[in-house]
Structure formats: structure tokens, C-alpha cells
2 protein chains.
Amino acid sequence: MPLDEFSLIETFFRRPTAPAAGVLAGIGDDCALLDGGAAGVLAVTTDTLVADIHFPARASAFDIGQRALRVNLSDLAAMAAVPRWFLLALTLPAADEDWLRAFSAGLFAVADAHGCALVGGDTTRGPLAVTITALGAVPANVALRRSGASAGDQVFVTGALGGAAAALADMTQTGACSAADTTLNARYWYPEPRLREGVALRGIASAAIDISDGLVADLGHVARASGVAAELELEKLPLCGAALARFGSDQTRDWALGGGDDYELCFTVPTSRLAALETAVRAGRLRALPVGRLVSGTGVHARDGAGRSLALTRTGYRHF
Amino acid sequence: MPLDEFSLIETFFRRPTAPAAGVLAGIGDDCALLDGGAAGVLAVTTDTLVADIHFPARASAFDIGQRALRVNLSDLAAMAAVPRWFLLALTLPAADEDWLRAFSAGLFAVADAHGCALVGGDTTRGPLAVTITALGAVPANVALRRSGASAGDQVFVTGALGGAAAALADMTQTGACSAADTTLNARYWYPEPRLREGVALRGIASAAIDISDGLVADLGHVARASGVAAELELEKLPLCGAALARFGSDQTRDWALGGGDDYELCFTVPTSRLAALETAVRAGRLRALPVGRLVSGTGVHARDGAGRSLALTRTGYRHF
């Protein structure tokens, strides 16, 4: 039986035991939350990018390095944590100096921009893969979890979707390692980890996640963790303009729902805090684009402009 | 120009900037030491094991899982830290349920034995590789660093060496995934992370490292970080009995010096603390087998039983 990543983790790595000492959140969120005592809570996340699965192996080493860290910092953003440190486990077929110089330059460009220090790592020989473990700080009780949402909450995203998948389709078509359209290319290669937005959502959002696998899959994680259903209003989905211009609305909407790699935040807000969200948006702290709401039930559903239920066929990228 | 792992890290990933906030030790030790404020110091380490580079891909999944965690906990042991949490980044060619069940059973057997909780991770498709990031606690100022040793300090190891390399040679000869001799097999597959020993060495050892690449290479790291030279007394090297019986003393001594994978601790003790070490040994807290001493100069050198200098030709396994 083929397993997707989610049931794989559920089946083999989550255990029905009491939480271990100091673990405020374990497997099943964007980060683990570890009790650092008086120093607050430490958010920790790890992600592996494998060549030719998660990025084209022939791509620029600078781009590979900087994107790898961006993707990990996005997980910290989804918990409203502030990046502090990271570790790098780098597997390389050979030690190519030019490649390594460019890779580390890309990595440090992002690290420096976010004040996140490389504190350790491991280099090994083997098929190209990059695993980063990022650690961030977040005051106790304001970390954003997947499980905090309730029926009635409104659902938002921090930016337009579908652009990263469009860039990937462009690269696949042309066989190039970057998309010809610079806007699309940036959506795939230079996703902005929404760290400022995550912090701005402390005390406002009831739950958050970063969109790595597609809106349906990722909002589905929030819905499941919170014990509710989600209703998307398809007409409202904010779609990447460059993707729309190149690939049209049907294709772009499919990618917004299931394409992944956009690394915008998807977050939920109780009606009681919509005014606070509005204030944060007006202060320029984040964008909040409405995409739907949470209701009782299970799963992620969609409605068209006339309020009719639609079947969602694109359920997001599955790792297995 | 081919680069080994050490110059690769020095060249591309260590930067001559001031230490980042909260970083007590960064790149270049067994773990990073991060300031957790009142909660003490957090030791963090990450290691990747790649199939058919670091272990036979066809080996038992239980063995692969449990060894991967042992190897990472060994880095915590070398800093005198107590394991708390770990993250798993697992790259798999396919989601094989039997393999995963056995792998996770092996992983949790070691995790439970050491009170170390799995708090997060990532599963990806690709060539089999296991990256573990382990986090441990250690009170401020008692963590064992590579850089604390001085000329005049005595050098010890916590157990006999050469057995893991002998097991690997046996497996290579026979094409099997385990060594026929159960003692040898255990030296490779079930290395005991010397966590109890690391804690016992707090306040006694001036420096410590775990022996993953071979005594010469790893003691060389301590010597370099401490600005001293090391002199090994070859006659005193504690050699694995099972390896001696099977492969003879010359081969076993070579493996002890350069074979790696033994995961004993190598540590240094100032003469002023030898009495405290003796007390800890008599109390059964650790074994301390003398192998040499530190002197002024650079590098690792060896003397035979007659005090003659010998050239060290085996300098430890290099990853590149």
C-alpha cells in the first residue's frame, strides 16, 4: 500500500504516549515547541531538500543554498517565531569549490537578512541533498499552532498563490533551471519567509501554517488539527498575476489549490479579532487576503461564486 | 583540488565574524552550545548517515534506525550534555511499511533508553539517508569543549578501539550486512553513546571528543582547537579483543588509529585533576584508558615502547 507522508508519520513516528518533558508541541505542527524555561519557548524545525525531487540539481548553487534556508525559516514564520540559529547537514556527490562558494554565499545572504546564525552541521558524501534545522524563539503562549482554530473563524493568506507551481511548470517545459519570467522565477526560487507577518499575527490568529504543499493540503492540516472543516471561496482565491498572464485562470487556480511551494502563510482569525487584524493590515504589518472560513465538520470544501459546492480534485503535492 | 570535510567547513561555512547572539560555541565542536538563559545551555548537533556510504543500504532497518540515533547521541556525550529531544529528517526511495516499522522500532528503542523524545521531522523521497538533529541540556560552564586542553594534560579513551572498523572489514569481505562475530558486530552496529561518561567528566576533563573518524583524526581536532600537539604511546593503545583475535595486532592498531566508528570518548585531563578522575573510575562512573599526553607543538605524533618517534600513516577516515 502506498503511503503518503502524512499517514507515514502518523503510523510510524507519532506515539500515543504522554508528551515528553519540556515538549509543548511535538510531531504534527510546523515546528516543535520546546520549553526553554525563563528564556521562553524554542521553535525547532527540520526540512530536507533532495536534488531533482525538490529542486533541479543543475540549478545555481547560490539559488539552492538561499532557497533551502528560506523554506526552513518559513516553518518558523508559521509558528510566529523569530529565527535565531540553524544547522546545516549537506550531502554532496563531490566537494566542488565553486559550487560550495556559491551555495554558502546564498545561504548566508538569507541568514544575515534574518539574523539567523549557522551554528553547526555535517557534510557527507552522497546524492545531493540539503537538510536544515532551524531554531527560533517565541514567547510562551503566543506561538501559532495548527490546532487553535474554531468553526466560525475566517481564513486568510498573506499573498497571491500559484506562482511557484507556474515557475516549476515553466522550468519543466523549457528544461531550464530558472523561469524566463523573473516574477514567476522569484516565486519559486526566492519565496519570502513571512516572519514579520507571523509575529504580527501573535494574539490575532487562532492558527497558522505555511503553504508548502498547496492550500487545500495545508489548510486541511489546520482543519484536521483543530477538529473543524474549511470552506474555500474559489472566486476569492488570490492568484499570482504572472501565472494568470502566462497560464490562464483555470490552471493557476489549480496550482493555488494544490501546487505548493508558495510559502505564504495561511491563517485563521476569530471574528472577535478581525478588528485587530484590520489594524495590523492598515499599519502595513501584513497582507490578509480572505479565502474562506471554518465550519463544523471535516475536510476542505470549495464553493463557487454562486455558493455551489465544488469537488476539490487537486489535493496538494504528496511526498509519497 | 579535493577537499576533506574539515577544510571544506573551514573554507566555506566558518566566518570570521563575532559570535552571534546566544552562541557559546558554533561550528567546530561536537555540538553547538546555545544559550538558553536561565534554562541553561542547549547542546545541538546534526549528523547525516547516507546509505552505502555510512552503512550498508541492505542492512536491517531496525539496526539502521537505532544506530543513527546512537551516533548522534555520541556527539551530545562528547559535550557532557544530557539528551532531551531529537528531530528526524528521513529520505526514502519508497514508503515500505515493513522497513518503516522496523526502522522506527530501532529508533525508539534507543530514544527510550536515553529519555530522548522525537519532537519533529521531515520525510522526503530520494536516495536513502537519515539526518538526525539531537538537542541536549548541559549546565553553563561544564560543557566539554575541544578547545580546553593544555600541554601537560594526559589523554584517555573510554574503551578499546578498532572493533567497529574490524566489523566493517568483515562485512566487506563477506558481503553480509552484519559481522559474524557478535562482539565485533556490536562494535559497529550498537555503539554505546558514552553519555554517562560525559557527565562524569564534567569538572574533570579539560577537553573531549567522540571518536567517529579514528583516534588520530579526532585527537587531532582537540590538539588543533587547543593549540597543542598530542603524543600517543602506541604500546598503550587499548585494542578491541575480538578484532585482535581475528585480524592481529598490526591491523587492529591501524584501525584504532584511523578506522573510526568506535564512538568511544577521547578526553584530556590536567594532572591536577587526575585524582578526581581516579575517584570517578573507582566509583564505576567510567573507564579511563591512558593513550598519551599533550605537549607543546602541533599535530598528533606517536611513540613506540622504546620511546622512538613513529610516523603516523593512518590519519583517519576523511569524508571527501
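These figures come from a predicted structure and were not determined experimentally.

Colleague: Help me out: how do you make sense of the overall build of chain A in this one?
Modeller: A tally of helices and strands in chain A yields 10 helices and 13 strands. Relative to the globule expectation of 20 Å for 320 residues, the C-alpha radius of gyration of chain A, 19 Å, shows essentially globular dimensions. When the backbone C-alpha atoms are referred to their principal axes, chain A occupies close to 55 × 50 × 50 Å. Buried residues in chain A amount to 60% of all 320 residues. At a minimum sequence separation of 6, the contacts of chain A that also span at least 24 residues come to 81%. Total accessible area on chain A is roughly 11800 Å²; 51% of this is exposed by carbon and sulfur atoms. Seen as two clouds, the 27 positive and the 33 negative side-chain charges of chain A have centres 5 Å apart.

Colleague: Would you mind showing me how to read the sheet that holds strand β11 (residues 289–295) of chain B here?
Modeller: The strands making up a sheet associate through backbone hydrogen bonding, with each pair oriented either parallel or antiparallel. All names here are of chain B. If you trace the seven strands from one edge of the open sheet to the other, you get β8-β10-β7-β11-β9-β12-β13, paired in mixed fashion. Lying at the two open borders of the sheet, with one neighbouring strand each, are β8 (207–210) and β13 (309–310). Contacts from helix α2 (residues 61–78) reach β8 and β10 (265–269), with the element oriented near 175 degrees to β8. Sitting on the sheet, helix α7 (residues 215–226) is in contact with β7 (154–157), β8, β9 (229–233), β10 and β12 (300–303), with an inclination near 145 degrees to β9.

Colleague: What is the right way to read the pattern of salt bridges from this model?
Modeller: Two side chains bearing opposite charge may form a pair once their charged atoms approach each other closely. By the definition in use, this model includes 32 salt bridges over all chains. The salt bridge partner of Arg196 of chain B is Glu197 of chain B, with a shortest N-O separation of 3.7 Å. Arg303 of chain B is paired through a salt bridge with Glu231 of chain B; the nearest N and O atoms lie 3.2 Å apart. Highlighted residues: Arg303 of chain B in strand β12 and Glu231 of chain B in strand β9, separated in sequence by 72 residues. Residue classification places Arg303 of chain B among the partly exposed residues on the basis of a relative accessible area of 30%. The network of salt bridges with common partners includes Arg187, Arg194, Arg196, Glu197, Asp262 and Glu264 of chain A.

Colleague: In this structure, what is going on with the nonpolar core? I would like to understand it.
Modeller: Ranked by size, the top nonpolar core spans 74 residues in total, and within it Phe13 of chain A together with Phe103 and Phe267 of chain B carry the most contacts. Looking at which element gives the most residues to this core, the answer is α2 of chain B, with eight residues. Listed in part, the 73 residues of the second largest apolar core include Ala81, Cys116, Ala134 and Ala169 of chain A.

Colleague: Sorry, what's going on with helix α4 (residues 163–174) of chain B here?
Modeller: Side chains of residues three or four places apart in an α-helix project in the same direction, reflecting 3.6 residues per turn. Residues and elements named next belong to chain B. Compared with an ideal rise of 1.5 Å per residue, which puts 12 residues at 16 Å, α4 spans 17 Å between its outermost C-alpha atoms and is within 8% of the ideal. Buried within α4 we find Gly163, Ala164, Ala165, Ala166, Ala167, Ala169, Asp170 and Met171. The secondary structure elements touched by the buried residues of α4 are α5 (182–189), α8 (241–247) and α9 (249–258). Once α4 ends, the next one or two residues include Gly175, with phi positive near 75 degrees.

Colleague: Whenever I open this one, unusual backbone geometry confuses me. Can you help?
Modeller: Note: most peptide bonds trans; most residues except glycine with negative phi. A positive phi angle, near 70 degrees, is found at Asp261 of chain A, a position not held by glycine. Among the secondary structure elements, Asp261 of chain A is positioned in the loop between α9 (249–258) and β10 (265–269). Phi is positive for Asp52 of chain B, close to 65 degrees, though the residue is something other than glycine. Residue placement: Asp52 of chain B occurs in the loop between β3 (41–50) and α2.

Colleague: In this structure, what is going on with the sheet that holds strand β2 (residues 32–35) of chain B? I would like to understand it.
Modeller: All names here are of chain B. Taken in spatial order, the six strands of this open sheet run β1-β2-β3-β6-β4-β5, and their pairing is mixed. If you trace the sheet from one side to the other, it starts and ends with β1 (23–25) and β5 (117–125), each paired once. When strand polarity is set aside, the average angle formed by the axes of neighbouring strands in this sheet is 20 degrees. Pairing of strand β4 (residues 82–92) with β5, which is carried by eight bridges, proceeds in the parallel orientation. By the bridge assignment for β5, Leu87 is matched with Gly120. Contacts between α2 and the sheet are confined to β3, β4 and β6 (129–138), with β6 contributing the most and set at about 40 degrees to the helix. Of the strands in this sheet, β4, β5 and β6 touch helix α3 (residues 97–113), which is tilted by about 165 degrees from β4.

Colleague: I keep staring at α9 of chain B and nothing clicks. Help me out?
Modeller: Restricting attention to buried positions, one finds in α9 of chain B the residues Thr252, Trp255, Ala256, Leu257 and Gly258 of chain B. Here the buried face of α9 of chain B lies against α4, α7, β9 and α8 of chain B.

Colleague: Any chance you could explain the domain arrangement of chain A here in plain terms?
Modeller: How big an interface is tends to be stated in terms of the accessible area lost upon association of its parts. Residues and elements named next belong to chain A. If you check the domain split of chain A, you get domain 1 (5–138) and domain 2 (146–310). When each unit is reduced to the centre of its C-alpha atoms, the spacing between domain 1 and domain 2 is 22 Å. In this complex, domain 1 contributes 28 residues to the contact, which on the side of domain 2 involves 22 residues. Here domain 1 is connected to domain 2 by three salt bridges. Notably, a salt bridge pairs Arg146 with Asp30, separated by 3.2 Å at the nearest N-O pair. The interface formed by domain 1 and domain 2 contains 11 residue pairs in polar contact (both at pLDDT 80 or more). Going through the elements one at a time, α2 (61–78), β4 (82–92) and β6 (129–138) are the ones with two or more residues in the side of domain 1 that touches domain 2. By residue number, the principal contributor to the side of domain 1 that touches domain 2 is α2, which donates 12 residues. Of the residues that constitute the side of domain 1 that touches domain 2, the class distribution is 16 nonpolar, five polar and seven charged.

Colleague: In this structure, what is going on with the packing of aromatic side chains? I would like to understand it.
Modeller: Aromatic rings in a pair are described by how distant their centres are and how their planes are angled relative to each other. Taken as a whole, this structure holds eight aromatic pairs over all chains when the rule is applied. With a centroid separation of 5.0 Å and an interplanar angle of 15 degrees, the aromatic rings of Trp99 of chain B and Phe103 of chain B are classed as stacked. Within this pair, Trp99 of chain B and its partner Phe103 of chain B are both found in helix α3, separated by four residues, close to a single helical turn. Take Trp99 of chain B and Phe103 of chain B: they sit in the same class, and that class is buried. Geometrically, the ring pair formed by Phe156 of chain B and Phe267 of chain B is stacked, given 5.5 Å between the ring centres and 15 degrees between the ring planes. A residue pair is termed long-range when its members are at least 10 positions apart, and Phe156 of chain B in strand β7 and Phe267 of chain B in strand β10 qualify at 111 residues. On the basis of relative accessibility, which here comes to 0%, the residue Phe267 of chain B falls in the buried class. Geometry around Tyr188 of chain A places Arg67 of chain A over its ring, the cationic atom sitting 4.1 Å from the centre.

Colleague: Which parts of the structure should I look at to understand the pairing of β12 of chain B?
Modeller: Remark: a regular strand shows side chains that alternate across the two faces of the sheet. All names here are of chain B. Side-chain alternation along β12 places Val300 and Ala302 on a buried face and His301 and Arg303 on a face that remains uncovered. In this sheet, β13 lies alongside β12 in antiparallel orientation, the contact comprising two bridges. Looking at β13, one finds that Ala302 is bridged to Leu310. Once β12 ends, the chain turns through five residues before running back antiparallel as β13, passing Gly307 with a positive phi of about 85 degrees.

Colleague: Explain the side chain of Asn185 of chain B to me, please; I cannot follow it from the model alone.
Modeller: All names here are of chain B. When you line up the elements, Asn185 lands in helix α5. Asn185 gets classed as buried once you look at its relative accessible area, which sits at 10%. Discounting residues that sit within four places of it in the chain, Asn185 has contacts with Ala167, Ser178, Ala179 and Tyr190.

The rules behind the values
Residues numbered from 1 in each chain as written. Chains lettered and ligands numbered in written order. Predicted model: local features only at pLDDT ≥ 70, side-chain atom pairs only at ≥ 80, totals over all residues. Heavy atoms only, no water. Helix = DSSP H or I, 4+ residues; strand = E, 2+ residues; numbered from the N terminus. Rg over C-alpha atoms; globule rule 2.2 N^0.38 Å. Buried < 20%, exposed > 50% of the residue type's maximum accessible area, 1.4 Å probe, protein only. Contact = heavy atoms within 4.5 Å. Areas by Shrake-Rupley, 256 points an atom, 1.4 Å probe, with all protein chains shown as cover. Lys, Arg positive; Asp, Glu negative; His and termini not counted. Charge placed at Lys NZ, Arg CZ, Asp CG, Glu CD. Pairing = 2+ DSSP bridges. Axes fitted to C-alpha atoms, helices over the stretch in contact; angles between N-to-C directions. Salt bridge = Lys/Arg side-chain N within 4 Å of Asp/Glu carboxyl O. Core = buried A, V, L, I, M, F, W, Y, C linked by side-chain atoms within 4.5 Å. Expected span 1.5 Å × (residues − 1). Domains from an automatic or database assignment. Polar contact = N/O pair within 3.5 Å; in protein donor to acceptor, adjacent residues only side chain to side chain. Nonpolar A, V, L, I, M, F, W, Y, C, P; charged D, E, K, R; others polar. Phe/Tyr/Trp six-rings, centres within 6.5 Å; stacked < 30°, edge-to-face > 60°. Lys NZ or Arg CZ within 6 Å of the ring centre and 35° of its normal.

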